[in-house]
Amino acid sequence: MKCAIKFIVHYEGRIYFLESNNSEYRNLMSLLKDKICPEDFGQCGGMGRCGTCLVKISRGSSDSEMFYRNEHETLRKIGIVDPEIRLSCQIHVNEGLKNVVVQLLDNN
Ligand code: FES
């Protein structure tokens, strides 16, 4: 049985109550792109290189960690030092996102 993963996303003054499950999306970027369609979001397709999929996770969880590939280097290049700001393409959609508040950041 698939377990629903429910979380909240803030974007451009709106609040989205989203729901998914473990196998529906490859990562959080794909889910946000599909359900919210932010402009110019996730331009490298999830390679962790473009930095156009930034989110702030207000209440994170260790289960949502992926943090490999190019995330550290990409965040460093664009001057991000806040550990709550992540590349959404490097975050799994799993139980770690349950009840988390995600703020979609302006990538420009
Ligand atoms: S989609 Fe390019 S860094 Fe996430």
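A few points on the structure.

Cut-offs used in this document
Residues numbered from 1 in each chain as written. Predicted model: local features only at pLDDT ≥ 70, side-chain atom pairs only at ≥ 80, totals over all residues. Heavy atoms only, no water. Core = buried A, V, L, I, M, F, W, Y, C linked by side-chain atoms within 4.5 Å. Buried < 20%, exposed > 50% of the residue type's maximum accessible area, 1.4 Å probe, protein only. Helix = DSSP H or I, 4+ residues; strand = E, 2+ residues; numbered from the N terminus. Contact = heavy atoms within 4.5 Å. Pairing = 2+ DSSP bridges. Axes fitted to C-alpha atoms, helices over the stretch in contact; angles between N-to-C directions. Salt bridge = Lys/Arg side-chain N within 4 Å of Asp/Glu carboxyl O. Patch = residues over 30% accessible without salt bridge, like charges linked within 9 Å, V, L, I, M, F, W, Y side chains within 5 Å. Areas by Shrake-Rupley, 256 points an atom, 1.4 Å probe, with all protein chains shown as cover. Lys, Arg positive; Asp, Glu negative; His and termini not counted. Charge placed at Lys NZ, Arg CZ, Asp CG, Glu CD. Polar contact = N/O pair within 3.5 Å; in protein donor to acceptor, adjacent residues only side chain to side chain.

### Thoughts on the nonpolar core
Phe7, Val9 and Leu32 are the most contacted members of the largest nonpolar core, which totals 28 residues. Put simply, the parts of the chain that give this core at least two residues each are β1 (5–11), β2 (14–20), α1 (28–35), β3 (54–57), β4 (85–87) and β5 (101–104). Not counting residues within four places of it along the chain, the set of residues in contact with Val9 comprises Arg14, Ile15, Tyr16, Leu18, Leu32, Ile36, Val102 and Leu104.

### Quick look at the sheet that holds β4
With mixed pairing, five strands are arranged side by side in an open sheet as β2-β1-β5-β3-β4. Two strands close off the open sheet at either side, each with one partner strand: β2 and β4. Geometrically, the sheet is characterised by an average inter-axis angle of 35° between neighbouring strands, direction not taken into account. Across three bridges, β3 lies against β5 in antiparallel orientation. Bridging from a neighbouring strand, Lys56 pairs with Gln103 of β5. Docked against the sheet, α1 engages β1, β2, β3 and β5, running at close to 120° with respect to β2.

### Things to note about the pattern of salt bridges
Tallied over the entire structure, the rule returns four salt bridges. For Glu73, the salt bridge goes to Arg76, with nearest N and O atoms at 2.7 Å. Of this pair, Glu73 and Arg76 are both found in helix α2 (residues 71–77), three residues apart, which corresponds to roughly one turn of the helix. Connected through salt bridges with shared partners, the residues Lys56, Asp82 and Glu84 form a single ionic network.

### Regarding a negative patch on the surface
A surface patch of like charges, here negative, comprises Glu12, Glu39, Asp40 and Asp106. Here Asp40 is to be found in the loop between α1 and β3.

### Quick look at the environment of Asn22
Within the secondary structure, Asn22 is located in the loop between β2 and α1. Looking at Asn22, the relative accessible area reads 41%, which means it is partly exposed. As for Asn22 and Val93, which are separated by 71 residues in sequence, their C-alpha atoms are 5.8 Å apart. Not counting the four nearest positions on each side in its chain, Asn22 is found in contact with Ile5, Val93, Asn94 and Glu95. Looking at Asn22, its side chain comes within polar contact range of the side chain of Glu95, at 3.1 Å.

### Considering unusual backbone geometry
The phi angle of most residues is negative, glycine excepted, and most peptide bonds adopt the trans form. The phi torsion at Cys37 lies on the positive side, around 55°, for a residue other than glycine. Note that Cys37 resides in the loop between α1 and β3. Even without being glycine, Asp40 reaches a positive phi, approximately 55°. On the basis of relative accessible area, Asp40 is assigned to the partly exposed category, the value being 43%.

### Notes on the pairing of β1
The two faces of β1 differ: Ile5, Phe7, Val9 and Tyr11 on one face are buried, but Lys6, Ile8 and His10 on the other face are not. Note: β1 against β2, seven bridges, orientation antiparallel. Bridge pairing links Ile5 to Ser20 in β2. A loop of two residues connects β1 with β2, the two strands running antiparallel in sequence, and Glu12 in this loop sits at a positive phi of about 45°. Sheet topology places β1 next to β5; three bridges connect them, and they run parallel. Its bridge partner lying in β5, Ile8 is registered against Val101.

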